[in-house]
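# Analysis of the macromolecular model
Spelled out from the first residue to the last, the chains are:
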Amino acid sequence: MDLDAFRTLLTPAGLGALDEAVKILADGADPVAAASAMRRSHPADLTAAALTQASLRRRAEAKFGPDAAVMYFTPHGLEQATRPEVAAHRAARIRAAGLPADGIRADGTPAHGGPEGGPAVLDVCCGIGGDLLALTRAGCPVDAVDLDPLTVEIARANAAALGLSGLAHVRTGDAALTDPGGYGLLFADPARRGARGRTFDPMAYSPTWPVVLDLVARAPAACLKVAPGIPYEFIPEGAEAEWVSYRGEVKEAAIWTGMGPGGRRATLLPSGATLTASGAEAETGPVSRYLYEPDGAAVRAHLVAEVAALVSGRLVDPRIAYITSDRLVRTEWASCYEVTDVMPFSLKRLRAVLRERRVGVVTIKKRGSAVDVERLRKDLRLSGGNSAVIVLTRIEERPFALLCQPVTSANG
């Protein structure tokens, strides 16, 4: 979709075509039939634009819920947009930080605080506006910038569709040329996708990492959205790195500066539980009755020892993020399994035990193991009505298999 086609969608005729496209797809029409039906009353380019948006809105429901019905998207914009729950968590932290409520826009006009005095935020690389919407909903006036004119138009339309235009000022511009010094906080979400697809190298971000760090250096406070796998050496000295997990899946990381002491933090959503480094050190010892698998956010944040302290546990291996304990402890920071067997890894022995127990369904987990999970699943030749969890790991440089059963009552 180009910029002119999108702007046509915002006209009365375009909105009518979009409503029609939504209804046609909701009725189950295939794309070819839907296009043929709409071309009877709409031009081909408007038909294509309306059907594209209607399809994207259906895909967006899983991420944006009811808001998706009035929002606008691009395929990449939808994929890269922050989940509303994660964006709302960050916005709440920013809103509560007591940052300056006024800023100066690029055109020299003031960005006054919102009705509740929220801090003025400069949002660079704003995309379709996922974080922009959360920030304005939290009462923060936002000046948003993106290099792509179509993306800017979509972000502006999304703010208008959700009644947030009063606090959102969106323009086309180069993030590298912005001046974050006059704002309460810089929010940056550098693009992590290039011509060859997603990139995990911060030096390949757009803007590149040195440019992002230059913006941070000129901002009184900053929040950088980054990939969960960002190497630790890229985290600025004195910053806080926060890994966020939503319903057990690590979604992203954020780097905070000017917001208090640095360090490492893991956050669980939707509960909002948070864990920070305490200096805990975990001992290593033999596998006991229970095995705990820490949430990925705690693992990424190197807070496994802190989780071990919560369950009075110890590591099964000093370099592997599995915790064992004699105690059953209710915590949302780890999944818990009751261990039934501990054995050096042997396909023949493992297969024999599963056959004896009539196990026909297995969940296979691994850390520190080179075993091909799918190949192992086939080689086990499972049959029977029972189920089990197989944990493949390394203990003192030797491969082991642990047979377990999930303990659902231990999870928060």
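Above this text is the structure in question.
Remember, predicted model here, so these are calculated numbers, not experimental data.

### A closer look at the pairing of strand β14 (residues 290-294)
Summarising burial for β14: five of the five residues are buried, a large majority. Burial along β14 is two-sided: Tyr290, Tyr292 and Pro294 facing one way and Leu291 and Glu293 facing the other are all buried. As judged from the three bridges shared by β14 and strand β16 (residues 323-325), these two strands associate in the antiparallel manner. Paired with Leu291 across the two strands is Thr324, which belongs to β16.

### Re the pairing of strand β19 (residues 386-395)
Across the ten residues of β19, eight count as buried, placing the element largely inside the fold. After leaving strand β18 (residues 359-366), the chain enters helix α13 (residues 373-380) and then returns to the sheet as β19, a path that is left-handed. Bridge count for β19 against strand β20 (residues 398-406) is seven bridges, and the pairing is antiparallel. Each bridged residue has a counterpart across the sheet, and for Thr393 the counterpart in β20 is Phe400. Taking the residues between adjacent antiparallel strands as the criterion, β19 and β20 are bridged by two residues, where Glu396 takes a positive phi near 50°.

### Brief notes about the pattern of salt bridges
Taken as a whole and assessed by the stated rule, the structure comprises 21 salt bridges. Linking Glu252 and Arg90 is a salt bridge whose minimum nitrogen-to-oxygen distance equals 2.1 Å. Of this pair, Glu252 sits in strand β11 (residues 249-257) while Arg90 is found in helix α6 (residues 84-95), placing the two residues 162 residues apart along the sequence. Per residue, the accessibility class of Glu252 equals that of Arg90, and both read buried. A salt bridge links Glu242 to Arg93; the nearest nitrogen and oxygen atoms lie 3.2 Å apart. Taken together, the residues span a long stretch of sequence, with Glu242 in strand β10 (residues 240-246) and Arg93 in helix α6 at a distance of 149 residues. Pair check on accessibility: Glu242 and Arg93 agree, each one buried.

### Remarks on the nonpolar core
By size, the foremost hydrophobic cluster in this structure holds 56 residues, and its most contacted members are Phe64, Phe73, Ile94, Val121 and Leu185. Looking at this core, the element that brings in the most residues is helix α4 (residues 44-64), giving eight residues. Every residue in contact with Leu185, bar those within four places of it in the chain, is listed here: Ile94, Leu99, Ala120, Val121, Leu122, Ala221, Ala222, Cys223 and Met259. Residues Leu186, Ala188, Ile255 and Val329 belong to the second largest nonpolar core, which totals 49 residues.

### Topic: unusual backbone geometry
Residues Ser206 and Pro207 are joined by a peptide bond in cis, for which omega reads 0°. Structurally, Pro207 can be placed in the loop between β8 (197-198) and α9 (209-217). Here the residue pair Leu269 and Pro270 is connected by a cis peptide bond, since its omega of 15° sits within 30 degrees of zero. Relative to the elements of secondary structure, Pro270 occurs in the loop between β12 (263-269) and β13 (274-276).

### Concerning the packing of aromatic side chains
Two measures describe an aromatic ring pair: the distance that separates the ring centres and the angle between the ring planes. Applying the stated criterion to the full structure yields five aromatic pairs. Ring plane angle 80° and centroid distance 6.0 Å describe the contact between Tyr205 and Trp209, whose orientation is recorded as edge-to-face. Accessibility expressed as a relative area gives 3% for Trp209, which makes it buried. For the ring pair Trp209 and Phe234, a centre distance of 6.4 Å and an interplane angle of 80° mean the geometry is edge-to-face. Of this pair, Trp209 sits in helix α9 while Phe234 sits in the loop between β9 (222-226) and β10, and the two are 25 residues apart along the sequence. Neither residue differs from the other here; Trp209 and Phe234 are each classed as buried. Connected via pairs of aromatic rings, a cluster forms that spans Tyr205, Trp209 and Phe234. The ring of Trp256 has Arg93 sitting right over it, with the charged end atom 4.3 Å from the ring centre. The ring centre of Tyr322 lies 5.2 Å from the NZ or CZ of Arg367, which sits over that ring.

### Observations concerning helix α12 (residues 347-356)
If you check which residues of α12 are buried, you get Leu350, Arg351, Val353 and Leu354. Along the axis of α12, the buried residues cluster in a sector spanning 165°; they form a single face. Away from the buried face of α12 by more than 90 degrees, exposed residues Lys348, Arg355 and Glu356 are located. Elements that come into contact with the buried residues of α12 comprise β17 (334-344), β18, α13, β19 and β20.

### Comments concerning the sheet that holds strand β5 (residues 168-172)
Taken together, nine strands build an open sheet; the order of strands is β5-β4-β3-β6-β9-β11-β10-β12-β13 and the sheet is mixed. Edge strands, defined here as strands with exactly one partner in the open sheet, are β5 and β13. This sheet shows a mean twist of 20° between the axes of neighbouring strands, independent of strand direction. Sheet analysis places β10 next to β11, joined by seven bridges and oriented antiparallel. Among the inter-strand pairings, Ser245 is bridged to a residue of β11, identified as Val250. Strands in contact with α6 are β3 (121-124), β6 (185-188), β9, β10, β11 and β12; relative to β11, the strand with the most contacts, it is inclined by about 20°.

Parameters and conventions
- Residues numbered from 1 in each chain as written.
- Predicted model: local features only at pLDDT ≥ 70, side-chain atom pairs only at ≥ 80, totals over all residues.
- Heavy atoms only, no water.
- Buried < 20%, exposed > 50% of the residue type's maximum accessible area, 1.4 Å probe, protein only.
- Helix = DSSP H or I, 4+ residues; strand = E, 2+ residues; numbered from the N terminus.
- Pairing = 2+ DSSP bridges.
- Right-handed = clockwise from strand over helix to strand, strands pointing away.
- Salt bridge = Lys/Arg side-chain N within 4 Å of Asp/Glu carboxyl O.
- Core = buried A, V, L, I, M, F, W, Y, C linked by side-chain atoms within 4.5 Å.
- Contact = heavy atoms within 4.5 Å.
- Phe/Tyr/Trp six-rings, centres within 6.5 Å; stacked < 30°, edge-to-face > 60°.
- Lys NZ or Arg CZ within 6 Å of the ring centre and 35° of its normal.
- Arc of directions from axis to C-beta.
- Axes fitted to C-alpha atoms, helices over the stretch in contact; angles between N-to-C directions.

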